[in-house]
Amino acid sequence: MPIRPLAPDVVSKIAAGEVVERPASVVKELVENSLDAGASQVNIEVKAGGMSSIRVWDNGVGMPGDEVDLAFQRHATSKIASLADLDSSTSLGFRGEALPSIAHVAEVELVTRTREEMSGTCVRVRDGTVVERGTRAHPEGTAVTVRHLFRNVPARLKYLKSPSAEAGQITALVSHYALAFPEVRFSLVVDGRRALQTSGNGKLRDVLAEVYGVQVAQAMLEVGRPGEEGGGGSAVSGYVSPSSVTRANRSYITFFVNRRWIQSRMMTRAVEKAYEGLLAVGRYPVAVISLSLPPQTIDVNVHPAKREIRFAQESIVFNSVYGAVRRTLMEKMPVPEIGTAPPSQRPVAGPHFVAAPINVASTGMEQAAAPPPVPLEPGSPPGLPPLRVLGQSGNTYIVAEGPDGLYLIDQHAAHERVVFEEVLAQQARRGVEVQSLLEPLAIDLSLGQEESLRTGQETLAGFGFAVEPFGDRACLVRAVPAVLAGGGIAEALKEILDRLQEEPEKVRVEEKVAITVACHSAVRAGQRLSHEEMVGLVRQLEKAASPRTCPHGRPTMVHLSSGQLQREFGRT
Ligand code: ADP
Ligand code: MG
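Here the structure is a predicted model, which is why all the values come from computation and not from measurement.

(A) Local environment of the sheet that holds strand S24 (residues 557–560). Read from one edge of the open sheet, four strands run S18-S19-S20-S24, paired in antiparallel fashion. Each having just a single partner strand, strand S18 (388–393) and S24 make up the two edges of the open sheet. Taking the axes of each pair of neighbouring strands and ignoring which way they run, one obtains an average angle of 25° across the sheet. The sheet strands contacting helix H13 (residues 411–428) are S18, strand S19 (397–402) and strand S20 (405–410), and the helix crosses S20 at an angle near 75°. Contacts from helix H17 (residues 531–543) reach S18, S19, S20 and S24, with the element oriented near 120° to S18.

Right, dumping it as structure tokens:
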């Protein structure tokens, strides 16, 4: 094909794709516009995951009637006049791209009124052009309705997820803006159901309660003192969790820079470093960190969706985040309850056990023991040689002997593998062993967890969980998979709900659930096992399909071959 310029219509749609990737991006742009307009109240209503309609209205300053058409022209903005302005600008928008982009991939209606005007101006926009214009009574502020998103861009439509998954992303997004702007009253209604409502009273802890649940909100520690300054004119504020409140992934770590929600690996590293030695391996804190910086020390114009920013002095930012969080943890962290030394005195291996208290006399131990040891079948199963248990080391490793040397088996990893395969097998043959709880267990949920309970209830039922929504941000558990009955039900369930929200990846949903159940019901490191229990566990492991790794992919055992032993002792 010869080189030819693309038709303007095609160019617009391609450019729009950079800004508007999915329904949540539309919500993001509209909410940012409302916040830039100084709104103290922002209402969002979405239908069918935003694919059928998105409506955002605010009580901000509105647009003068004669400027409305301009707002739909590419690169028309009221927020900066020159590139130099960007240096001092604190507005969320500045490129003048959002409204025109949205109007190229959806049908848009906008009504707006400024305080000075008697009546509101309304326009309908199709394919980027204003096709209808009129006046209408309207309160001060702006309302934008976006319908049939991507109907004219089938390629984009194909990549959207289910309406409930898209709605989940929108909920997460609005929660983040609510956390960044506690003084703004947010309301989000999804398919007629109120998903989020903040009071706008300016108290971040209240928004935390709405988004993450009351228990988490109460436990959180406030970062920084009012007026406290870090280096380079920076100031850090927000809330971080004590080490008793952790999550299985980093999705509960949130950053705002000059109130813009951003992602930053560097800042994530700073937070994780602040928690060094305080959290179990693989556990992450809940953190909402707001950083304010002189605008000229950041470049917000490096990412199409403005989700990443560049810092002029990364090390200053790293140190002020690290310093503020670390100080908070050292000064305010409640002393752990049961027999754990304060953080500074803990031995290196200590933190592994801090967040996952050892279940003394738990059914977890009985799990390891049951079923009773079976005699070794002739020609032992593929994968593992027959093993003879010699003892336990450090209450963590089973020492065993095989035909070719010594084996050290990680009791937790090994048991995880066994429970994981068992749980998956029971689920697949619809024969999950269920344990009803004598008393239903009420568990506080975050907003996201509540969402995924709604969509994942059936999956959970397949694994033996009987869970029902219970008022706002809570659920009632009536039954659990029998393997979990020993404890850790709340933690396991919350973690499953978190993982159900994660982006779809190579791991199947069923595996995610089984991994979490296994992890929470397996015997812990540090737990003393009797000889029979160890033998029972090793026998079960021998029967596993993949005995050499735990479901997370870590090894369940290390092997010291006879040859290696001979070499070590200079016998060869
Ligand atoms: P940007 O936000 O980068 O300026 P947009 O395309 O999002 O670009 O918006 C274009 C202009 O329309 C804004 O600069 C602003 O003047 C006006 N505008 C958009 N939404 C609103 C709103 N909710 N309230 C008041 N003015 C708005
Ligand atoms: Mg904008």
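Moving on from the coordinates now.
(B) Fine view of the site of ligand 1. Around ligand 1, 20 residues are found, and the nearest of them are Asn33, Thr77, Ser78, Lys79 and Gly96. Lys79 is positioned such that a nitrogen or oxygen atom in its side chain is 2.7 Å from an oxygen atom of ligand 1. Contact distances for ligand 1 include 3.2 Å between an oxygen atom and a backbone N or O atom of Ala98. When isolated, ligand 1 has an accessible area of 530 Å², and the protein chains bury 93% of it. The element best represented in the shell around ligand 1 is helix H4 (residues 98–105), accounting for three residues.

(C) Here's a closer look at the nonpolar core. Of all hydrophobic cores here, the largest spans 66 residues; its most connected members are Ile44 and Phe186. The greatest single-element share of this core, amounting to eight residues, is contributed by helix H6 (residues 163–180). Among all residues touching Ile44, those that are not within four sequence positions of it are Val27, Val31, Arg55, Val56, Val174, Phe186, Ser187, Leu188 and Val189.

Each value, and the rule that gives it
- Residues numbered from 1 in each chain as written.
- Chains lettered and ligands numbered in written order.
- Predicted model: local features only at pLDDT ≥ 70, side-chain atom pairs only at ≥ 80, totals over all residues.
- Heavy atoms only, no water.
- Pairing = 2+ DSSP bridges.
- Helix = DSSP H or I, 4+ residues; strand = E, 2+ residues; numbered from the N terminus.
- Axes fitted to C-alpha atoms, helices over the stretch in contact; angles between N-to-C directions.
- Contact = heavy atoms within 4.5 Å.
- Near = heavy atom within 4 Å.
- Polar contact = N/O pair within 3.5 Å; in protein donor to acceptor, adjacent residues only side chain to side chain.
- Areas by Shrake-Rupley, 256 points an atom, 1.4 Å probe, with all protein chains shown as cover.
- Core = buried A, V, L, I, M, F, W, Y, C linked by side-chain atoms within 4.5 Å.
- Buried < 20%, exposed > 50% of the residue type's maximum accessible area, 1.4 Å probe, protein only.

Without other data, these values stay purely geometric and don't point to any function.
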